[in-house]
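Analysis of the macromolecular model
These are the residues of each chain, in order.
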Amino acid sequence: MLYALTDALTYNYLLVGALAAYLQEEELDAELLCRYLQSPNPDRYINQDALDLLAGLMGRSVAEGQPAPTWHFIGGQIAKCGIQQHD
């Protein structure tokens, strides 16, 4: 059970990072973002995995000839399933 809880915590952290990165891209006021994240440094949540997940969710392509990072692939699959359900 504890292993599953730590997995949930890790995934939650990843989602917060992806959302924070998206809000930064959308130029949300930095002070407001800090308040939402309850942190003076929103970048603490944004790591490469979060950026890869966001890229996949947004349908961004990977550099030609490069394999998709794991979280990019997963984000792409999530987005693809969401689109198929709305068709």
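This report concerns the structure included in the present document.

What follows concerns the nonpolar core. Across soluble globular proteins, nonpolar side chains show a tendency to be buried alongside one another. Leu-14, Ala-18, Ala-20, Ala-21, Leu-33, Leu-37, Tyr-45, Ile-46, Ala-50, Leu-53 and Leu-54 form the largest nonpolar core, which has 11 residues in total. Of all the elements in the fold, those that place two or more residues in this core are α1 (2-25), α2 (30-37) and α3 (48-57). Take this core: its biggest share by element is 4 residues, from α1. In contact with Leu-33, not counting residues within four places along its chain, are Ala-20, Leu-23, Gln-24, Leu-28 and Pro-42.

Considering all chains together, one arrives at 2 aromatic pairs under this definition. Geometrically, the ring pair formed by Tyr-13 and Tyr-45 is tilted, given 5.2 Å between the ring centres and 45° between the ring planes. Placement of Tyr-13 in helix α1 and of Tyr-45 in the loop between α2 and α3 is noted, with a sequence separation of 32 residues between them.

Rules of the game
- Residues numbered from 1 in each chain as written.
- Predicted model: local features only at pLDDT ≥ 70, side-chain atom pairs only at ≥ 80, totals over all residues.
- Heavy atoms only, no water.
- Core = buried A, V, L, I, M, F, W, Y, C linked by side-chain atoms within 4.5 Å.
- Buried < 20%, exposed > 50% of the residue type's maximum accessible area, 1.4 Å probe, protein only.
- Helix = DSSP H or I, 4+ residues; strand = E, 2+ residues; numbered from the N terminus.
- Contact = heavy atoms within 4.5 Å.
- Phe/Tyr/Trp six-rings, centres within 6.5 Å; stacked < 30°, edge-to-face > 60°.

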